[in-house]
Amino acid sequence: MSPFTIVVVLHDSGPELAALLPTLVRHAAGAQLVVVDTGSRDDGPALAREHGAELVELPDNPGFGAANNAGLARARHDVTVLLNPDTELVDDSVHELAALARIHPRALHAPRLLEPDGAVQRSAHPLPGTVGALLPALVHPPLLPRALRERAEPYRAERSRTVGWAIAACLAARTGLLRELGPFDPAVHLLAEDMELGLRARARGIPTVLHPHLRVRHTGGHAVLRAGEPFALLARRRREAVAATLGRRALALDDLAQLLTFTTRIGARAALGRDATREKAQLAALRREIGS
């Protein structure tokens, strides 16, 4: 198998890295491992050194995107896999992902992400800001015909397909392509940087491709959820990414789709007697952002 580079960014991620490293030994032997630390106060950097990783230290924490860019600058191989510390490899999928990046060099490649219990994670998303996005906001996607359901929720796909954007917990591409793209906008400190990358790449004719037969386990959100979900920041970053890459019309359509989605979810949960606190918080945060 041809070697490739793995870039992992840390921010107080010692426990997550401790779980990831043994899976890299089992399933990514021979890969160049570059670990970028953004001012951690735990033992993550020491663990990386002990494992033999190339450690890049950025104590001023320039943000997730800028840290990945710094790690990419150290890549020695033609393919790089960007990997979050809160992931674990479950098999040799990362090797096939790297091979696909060589076969299809003008694309971003993402595996299926799995929850800790093995459930499929909502990791691949449709293009925001389209008229078509209004349909799943009004109709529960599992009730739609299969073709429309997969378009609305591409993470459910069983065959490789292009998607609007994918969560960058695991993302592979040619190293040169990633450098050409940035890959990340360093001005985006945290949240929505993967959406911004996917939409910006698409505008340049570079698709994001989901490969559901390849799997990576993803705990998710370890660096941003410790104090609860930042609904206002999530809404703001999404709106900034859509406006910057797709324009104001797409932003207006995406705002409408998001408002309808949260509203219908609240109604559905109320009808079933279920708690809708999270959805109400999401809706309130989005309304505040739209009105600000």
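First things first, this report covers the structure right here in the doc. (Residues numbered from 1 in each chain as written. Predicted model: local features only at pLDDT ≥ 70, side-chain atom pairs only at ≥ 80, totals over all residues. Heavy atoms only, no water.)

Regarding the overall build of the protein chain
Looking only at helices and strands, the protein chain features eleven helices and eleven strands. In terms of overall size, the protein chain behaves like a compact globule, its C-alpha atoms giving a radius of gyration of 19 Å where 292 residues would be expected to give roughly 19 Å. With the principal axes as the frame, the protein chain shows a C-alpha extent of 55 × 40 × 35 Å. The contacts in the protein chain between residues at least 6 apart in sequence include a share of 78% that link residues at least 24 apart. Element-wise, carbon and sulfur atoms account for 54% of the exposed surface of the protein chain, whose accessible area totals about 13,200 Å². Treating the 36 positive side-chain charges of the protein chain as one cloud and the 32 negative ones as another, the clouds have centres 8 Å apart. (Helix = DSSP H or I, 4+ residues; strand = E, 2+ residues; numbered from the N terminus. Rg over C-alpha atoms; globule rule 2.2 N^0.38 Å. Contact = heavy atoms within 4.5 Å. Areas by Shrake-Rupley, 256 points an atom, 1.4 Å probe, with all protein chains shown as cover. Lys, Arg positive; Asp, Glu negative; His and termini not counted. Charge placed at Lys NZ, Arg CZ, Asp CG, Glu CD.)

Quick word on the pattern of salt bridges
The final tally for this structure, using the stated rule, is 20 salt bridges. Here Arg 200 makes a salt bridge to Glu 196, at a shortest N to O gap of 2.8 Å. Placement of both Arg 200 and Glu 196 in helix 8 (residues 193-203) is noted, with a separation of four residues, approximately one turn of the helix. Each member of the pair, Arg 200 as well as Glu 196, is classed as buried. (Salt bridge = Lys/Arg side-chain N within 4 Å of Asp/Glu carboxyl O. Buried < 20%, exposed > 50% of the residue type's maximum accessible area, 1.4 Å probe, protein only.)

Quick notes on the pairing of strand 11 (residues 208-218)
Most of strand 11 sits out of view: eight of its eleven residues are buried. In terms of strand pairing, strand 5 (residues 87-89) meets strand 11 through three bridges, oriented antiparallel. Residue pairing in the sheet places Leu 89 in a bridge with Val 216 of strand 11. When strand 6 (residues 108-114) meets strand 11, the two strands line up parallel, connected through seven bridges. (Pairing = 2+ DSSP bridges.)

Quick word on the packing of helix 9 (residues 231-246) against helix 11 (residues 277-291)
It is the contact of helix 9 with helix 11, at a shortest axis distance of 8 Å, that shows an interaxial angle of 50 degrees. One way to sum up the angle between helix 9 and helix 11 is to call them oblique. For the pair helix 9 and helix 11, the sense of crossing is right-handed. In contact with Phe 231, Ala 232, Ala 235, Arg 236 and Arg 239 of helix 9, helix 11 contributes Arg 278, Ala 281, Gln 282, Ala 285, Leu 286, Glu 289 and Ile 290. Grouping the amino acids of the contact of helix 9 with helix 11 by side-chain chemistry returns seven nonpolar, one polar and four charged. (Axes fitted to C-alpha atoms, helices over the stretch in contact; angles between N-to-C directions. Parallel < 35°, antiparallel > 145°, perpendicular 65-115°, else oblique. Left-handed = near helix turned anticlockwise from the far one by under 90°. Nonpolar A, V, L, I, M, F, W, Y, C, P; charged D, E, K, R; others polar.)

Description of helix 8
Structural remark: α-helix, 3.6 residues per turn; residues separated by three or four positions point the same way. Counting buried residues along helix 8, nine of its eleven residues qualify, which places the element largely inside the surrounding structure. Buried residues of helix 8: Glu 193, Asp 194, Met 195, Glu 196, Leu 197, Gly 198, Leu 199, Arg 200 and Ala 201, and no others. Gly 205 sits one or two positions beyond helix 8 and adopts a positive phi of about 80 degrees.

A look at empty space enclosed by the protein
Scanning the model with the defined rule gives one cavity of 30 Å³ or more in all. Reported here for the largest cavity is a volume of approximately 30 Å³. If you go around the largest cavity, the residues you meet are Leu 108, Trp 165, Ala 166, Leu 171, Asp 194, Leu 197, Gly 198 and Thr 208. Elements represented by at least two residues in the lining of the largest cavity include exactly strand 9 (165-166) and helix 8. In terms of residue count, helix 8 provides more of the lining of the largest cavity than any other element does, three residues in total. (1 Å grid on protein atoms, 1.4 Å probe; cavity = no way out; pocket = protein on both sides within 12 Å on 5 of 7 lines; lining within 4 Å. Points joined across faces, edges and corners; volume = space filled by probe spheres on them.)

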